[in-house]
Amino acid sequence: MKNIILVVAVGFFLFNCQKKSNMSEVQSIKEIKENQGKDLTVVGTYKPVSLNQKPGTVEYSGHYKIEVNDTLSIVLLPPYNSESKRPTDEIQKFEGKRVKVSGIISDKTYMEPPSIQNAPLTLSLPCFTEIKSIELE
């Protein structure tokens, strides 16, 4: 009987550990909003993104996103950040591939630095504000 209880307890512990580690992988904008300012992880496809707001115009300028699913894509850093244009070696390594990215995500993409004096132009597209790591999935 003690062995059965021990096996059940260990199984329950392992199940909860697995569940907690998966909880950090974001799948929706709702999860991003609920976890603002926290380290989050997303898994998706590394793709170029057009930040041009003119309808019908697609213009790639070195900015990339992680496409998590059909309803969620996350830009890699806001365009005003000098590091938002991704390095050539990173693009060659990851473009079109499934990657795992960890960092802090905002529910909006700020096109210019936020300030008290001026409300910046934003896009309704989530954006990493800090990237801790990018690796192949």
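In every chain, residue numbers begin from 1 and rise along the written sequence. Totals for whole chains, interfaces and linings use every residue, but because this is a predicted model, local features are given only for residues with pLDDT of at least 70 and side-chain atom pairs only at 80 or more, for both listing and counting. Side-chain measures here rest on the full set of heavy atoms in the structure, leaving out hydrogens and waters.

### Thoughts on the nonpolar core
The nonpolar core is taken to be a set of buried Ala, Val, Leu, Ile, Met, Phe, Trp, Tyr and Cys residues, with the residues joined through side-chain atoms within 4.5 Å. The classification of residues rests on relative accessible area computed with a 1.4 Å probe and restricted to protein chains. Under 20% of the type maximum is buried, over 50% is exposed, and intermediate values are partly exposed. Membership of the largest hydrophobic core comes to 18 residues, with the highest contact counts inside it found for V42, Y46, I66, I74, L76 and V101. Here a strand is any run of E in DSSP of at least two residues, a helix any run of H or I of at least four, and the numbering for each starts at the N terminus. When contributions to this core are tallied by element, the ones reaching two or more residues are β1 (39-50), β2 (60-69), β3 (72-76), α3 (88-94), β4 (98-106) and β7 (127-136). Once you skip the residues sitting within four places of it in the chain, V101 turns out to touch L40, T41, V42, I66, L76, F128, I131, S133 and I134. Core analysis: the second largest hydrophobic core is formed by 5 residues, L51, V75, L123 and C127 among them. It only takes one pair of heavy atoms within 4.5 Å for two residues to be counted as in contact.

### Thoughts on the side chain of H63
Here H63 is to be found in strand β2. A polar atom in the side chain of H63 sits 3.2 Å from the side chain of S84. Setting aside chain neighbours within four positions, we find H63 in contact with P48, V49, L51, P79, S84 and K85. Whenever two N or O atoms come within 3.5 Å, that pair is a polar contact, provided that in protein one can donate a hydrogen and the other can accept it, and provided that, for residues adjacent in sequence, both atoms are side-chain atoms.

### So, the side chain of R86
Within the secondary structure, R86 sits in the loop between β3 and α3. A polar atom in the side chain of R86 sits 2.7 Å from the backbone oxygen of E83. If we ignore the near neighbours within four places in the chain, the residues touching R86 are Y46, G62, Y64, L76, L77, I91, I131 and I134.

### Section: the confidence of the model for the protein chain
The predicted model of the protein chain has a mean per-residue pLDDT of 83, with 77% of residues at 70 or higher. In the model, residues 1-23 has pLDDT below 50 throughout and makes 0 contacts with residues more than four positions away in sequence or in other chains. For every residue, the pLDDT score states the predictor's confidence, bounded by 0 at the bottom and 100 at the top.

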